[in-house]
Amino acid sequence: MEPLRPPLLEVKRNIEPKTHQAKSSSRLPLAGPRLKRGPDHMENALEPAKKRTRGMGAAPKIDTSRPRALPLTTVPQPHSQTAAQKFPKRTGPCSTAIAAVLKNQKPVPAVPAQKPGTSTVPPAVVGKKPGRRPAWDIKGQLSDVTAELKRCREKNQTLDQENQQLQHQLREAQQQAEALGIERSTLEGELAQVQAQAEQGQRELRSLSARVLELEERLGTQEGLVQVLQKEQLELQEERRGLTARLEEQERRLQVSEAALSSSQAEVTSLRQETEAQAALLAERGDRLHGLEVERRRLHNQLQELKGNIRVFCRVRPVLAGEPTPSPGYLVFPPGPAGPSDPPTHLTLSRSDDRRGTLTGAPAPPTRHDFCFDRVFPPGSRQEEVFEEIAMLVQSALDGYPVCIFAYGQTGSGKTFTMEGGPDGDPQLEGLIPRAVQYLFSVAQEMSSQGWTYSFVASYVEIYNETVRDLLATGTRKGPGGECEIRRAGPGSEELTVTNARYVPVSCEEEVKALLRLAHQNRSVARTAQNERSSRSHSVFQLQISGEHASRGLHCGAPLNLVDLAGSERLDPGLVLGPGERDRLRETQAINSSLSTLGLVIMALSNKESHVPYRNSKLTYLLQNSLGGSAKMLMFVNISPLEENASESLNSLRFASKVNQCVIGTAQANKK
């Protein structure tokens, strides 16, 4: 016969799994739901649980007068598959009390735990408040407004991201609250079963009082079990107090988060309103800035017209090492009209002729030649000073006016140095071409803030013996086979283009400098009596500028031509022609013919003649659109400081004086 199991042992076995489960799941997750209830409500909700806990914690009294009863049978515990998958099963008096509290609470959104030292309030944008700019600094004010608008947009984007994260965390907290509600129902069912088993065990204990003698041996074991249960009860009570404190802390943090969220939403609304106001102000200032830019271009063009659409500058190069020093009175630079501080505009060349004499046999006094130009640069003038004088003319090209700048003079007078600069790559010695390109790129970058976008296309050709060659040609295109022709861009078009020539889009100064180095290698040079390496051709650097204002539908375009003319010295009648001199003779004849045609074209434009002989020379034909009444022209006449070149210097100065007396009509911008 199988021995009977003690009823108290059966009760212990039924309680032990639940005890271990309660121990393993005694702590709630940090991101669980938070209860918006005060301490009084929680005490009322936990009161039934406390009574049941006290009932289970006391040791039962055993009645030995009752007869023995059958052993207790274990009741299977109901199990919720959904709750078991998400959360561990909890039993015990404390879990029952917490379930009773959670049963009456509504799920609230959870706020993720934050690291120490962090804050839910977005950091304020801290920046040094710029000083108040003067009223005329429109570009600076626009830059400040643009920077402020950018910061506001970044802050708005950050707040939107934080709002989305809080909403996502709120949905997760609601899902956890629903899962805890299911678990609460399961735990209540288990608690009811445990209570039913406890009542059944008590009834069996009263009926089994007669079996006290058999159970006395096991009494010690049962008493030990009761002590363990009492100890566990104390631990659960302590854990309940800890969970209550954590719950209060979570509720406090939730209130802080909700207040921060409300503040953030109000700040976002304020920032949106401020952004709209800034956008309206920006549009208004954009219209005003556009009007000011139109007025600036009009006044700038008017100023250039007052200075003259044809201007002539004279530049005297310094004496080089090894050259004789000229006499003190050979070249004199009288001060400007306003005194010594005013830049000089006059030049006096005194020339003595040994063939002339007086009746007494004394040498004749030197002949004085006075010339007046728009500006005269003495030998000590720097490249930067020269460019500052033509910078406004380069600005006119960016505004849509065709501009042409010549360097005229005899061989060795410094024309190539004026246009391209020194051979060593020294930034202080850079010529007009690299400085003009640098200036254009800088101004175009500033104009981009006003809605203007510019593109630049560069070409570099030379005219040698009335033949056009591409100085940017490479590979098989170089040499005699690379001759080019001047053609119109299309039927009915006034724009001229050079066939077989490279037109290179450029976007920075370094790209242009690389083209200048390539052109310098390909240019036709030869040794002459005046210079060891003399340019025997006209070089034409052309930069086609195209500007567009997309929002306003404005377009403008114009070429900037920088021309380094070949040496203007005359033929020597007593020259004995050798095998090498015949080539120099043909070159000089072609150069003088083209320079003579240039003078005739300028005179015809000044006299407003019906026929202008552009086609008499490849040079004037190529520059046709930059020499007419809608263009602005500047000629640098370069002369040597040496007295041995006085004859050629006088011829150059006389030619420049004739050009300076010409007047061309009002220039018109090429706008659409």
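Residues numbered from 1 in each chain as written. Predicted model: local features only at pLDDT ≥ 70, side-chain atom pairs only at ≥ 80, totals over all residues. Heavy atoms only, no water.

*Asks:* Tell me about the overall build of the chain, and please be specific about residues and values.
*Replies:* When you go through the chain residue by residue, the secondary structure sums to 14 helices and 17 strands. Considering the chain as a whole, with its 672 residues, one finds that 42% of them fall into the buried category. Considering only contacts in the chain between residues 6 or more positions apart, those separated by 24 or more positions represent 76%. Approximately 36,700 Å² of the chain is accessible, and the part contributed by carbon and sulfur atoms is 53%. (Helix = DSSP H or I, 4+ residues; strand = E, 2+ residues; numbered from the N terminus. Buried < 20%, exposed > 50% of the residue type's maximum accessible area, 1.4 Å probe, protein only. Contact = heavy atoms within 4.5 Å. Areas by Shrake-Rupley, 256 points an atom, 1.4 Å probe, with all protein chains shown as cover.)

*Asks:* Mind laying out the nonpolar core, listing which residues take part and the relevant values?
*Replies:* Of all hydrophobic cores here, the largest spans 51 residues; its most connected members are Phe406, Leu627 and Met635. In terms of residue count, helix H12 (residues 581–606) provides more of this core than any other element does, 7 residues in total. In this structure, Leu393, Met447, Leu472 and Leu518 belong to the second largest nonpolar core, which totals 46 residues. (Core = buried A, V, L, I, M, F, W, Y, C linked by side-chain atoms within 4.5 Å.)

*Asks:* So, the sheet that holds strand E4 (residues 367–372): which residues are in play, and what are the values?
*Replies:* Sheet architecture is open: 3 strands sit in the order E2-E3-E4, paired in antiparallel fashion. If you trace the sheet from one side to the other, it starts and ends with strand E2 (331–332) and E4, each paired once. Relative to E4, strand E3 (residues 346–351) runs antiparallel, the two sharing 6 bridges. Directly across from Thr348, in E4, lies its bridge partner Asp370. (Pairing = 2+ DSSP bridges.)

*Asks:* Just give me the short version of helix H10 (residues 432–447), but keep the residues and values in it.
*Replies:* For an α-helix the count is 3.6 residues per turn, leaving residues at separations of three or four pointing the same way. Between the first and last C-alpha of H10 there are 22 Å, a value that for 16 residues agrees with the 22 Å anticipated at 1.5 Å per step. A large share of H10 lies buried, amounting to 12 of its 16 residues. Of the residues making up H10, those classed as buried are Leu432, Ile433, Pro434, Arg435, Ala436, Val437, Tyr439, Leu440, Phe441, Val443, Ala444 and Met447. (Expected span 1.5 Å × (residues − 1).)

*Asks:* Hey, could you go over the pairing of strand E8 (residues 467–470) for me, with residue numbers and the actual values?
*Replies:* Bridge analysis of strand E7 (residues 452–464) against E8 gives 4 bridges, and the strand direction is antiparallel. Within E8, the residue paired with Glu462 across the bridge is Arg469. Counting the residues between successive antiparallel strands, the hairpin from E7 to E8 contains 2 residues, one of them, Asn465, with a positive phi of roughly 55°. Inspection of the sheet shows E8 paired to strand E9 (residues 483–484) by 2 bridges, in the antiparallel sense. If you follow Val468 over to E9, its bridge partner there is Cys484.

*Asks:* So what's going on with the pattern of salt bridges? Which residues, and what values?
*Replies:* Counted under the stated rule, the structure contains 16 salt bridges. In this structure, Arg151 engages Glu148 in a salt bridge whose closest nitrogen and oxygen atoms are separated by 2.4 Å. In this pair, Arg151 and Glu148 both sit in helix H5 (residues 138–207), 3 residues apart, roughly one turn of the helix. Among the residues examined, Glu148 registers a relative accessible area of 28% and is labelled partly exposed. Here the residues in one salt-bridge network are Arg133, Asp137 and Asp144, joined through shared partners. (Salt bridge = Lys/Arg side-chain N within 4 Å of Asp/Glu carboxyl O.)

*Asks:* Which residues make up the packing of helix H8 (residues 383–398) against H10, and what are the values?
*Replies:* Following both chains from N to C, one finds H8 and H10 inclined at 50°, their axes separated by 9 Å at the closest point. When the axes of H8 and H10 are compared, the pair comes out oblique. Both H8 and H10 take part in a crossing whose hand is right-handed. Within the contact between the two elements, H8 uses Gln383, Glu384, Val386, Phe387, Ile390, Ala391, Met392, Val394, Gln395 and Leu398 and H10 uses Leu432, Arg435, Ala436, Tyr439, Leu440, Val443 and Ala444. For the contact of H8 with H10, the residue count by class is 13 nonpolar, 2 polar and 2 charged. (Axes fitted to C-alpha atoms, helices over the stretch in contact; angles between N-to-C directions. Parallel < 35°, antiparallel > 145°, perpendicular 65-115°, else oblique. Left-handed = near helix turned anticlockwise from the far one by under 90°. Nonpolar A, V, L, I, M, F, W, Y, C, P; charged D, E, K, R; others polar.)

*Asks:* Tell me what's going on with unusual backbone geometry, and back it up with residues and numbers.
*Replies:* You will see that Asn465, though not glycine, has its phi angle at about 55°, which is positive. Its place among the elements puts Asn465 in the loop between E7 and E8. Among the residues examined, Asn465 registers a relative accessible area of 30% and is labelled partly exposed. Even without being glycine, Asn500 reaches a positive phi, approximately 65°.

*Asks:* Just give me the short version of the environment of Ser396, but keep the residues and values in it.
*Replies:* Within the secondary structure layout, Ser396 lies in helix H8. Sequence-wise, Ser396 and Ala631 are 235 residues apart; in three dimensions their C-alpha atoms are separated by 9.7 Å.

*Asks:* Any chance you could break down the environment of Ser449 for me, citing the residues and the numbers?
*Replies:* Mapped onto the elements, Ser449 comes out in the loop between H10 and E7. C-alpha of Ser449 to C-alpha of Thr146: the two residues are 303 residues apart in sequence and 9.4 Å apart in space.

*Asks:* Quick one: what's the story with the packing of H10 against helix H11 (residues 509–522), residue by residue and with numbers?
*Replies:* Between H10 and H11, whose axes approach to 9 Å, the crossing angle comes to 160°. As far as their axial angle goes, H11 and H10 are roughly antiparallel. Viewed along their axes, H10 and H11 form a crossing whose handedness is right-handed. On the side of H10, the interface is formed by Ile433, Pro434, Val437, Gln438 and Phe441, while H11 contributes Glu509, Val512 and Leu516. Among the residues making up the contact of H10 with H11, the classes are represented as 6 nonpolar, 1 polar and 1 charged.

*Asks:* Explain the confidence of the model for the chain to me, using residue names and the numbers behind them.
*Replies:* Per-chain confidence: the chain averages 76 in pLDDT, with 70% of residues scoring 70 or above. At the low end of the mean pLDDT range in the chain sits helix H3 (residues 81–86), at 38; at the high end sits strand E12 (residues 504–506), at 94. A low-confidence stretch, residues 1–12 (pLDDT under 50), is modelled with 19 contacts involving residues beyond four sequence positions or located in other chains. Contacts of residues 14–127 to residues separated by more than four positions or lying in other chains number 204 contacts, the stretch itself having pLDDT below 50. (pLDDT = per-residue confidence, 0-100.)

*Asks:* Lay out the side chain of Glu462 with the relevant residues and their values.
*Replies:* Looking at where Glu462 falls in the secondary structure, it is placed in strand E7. Buried charge without a partner: Glu462 forms no salt bridge, and the closest opposite charge is Arg469, 4.1 Å away. (Lys, Arg positive; Asp, Glu negative; His and termini not counted.)

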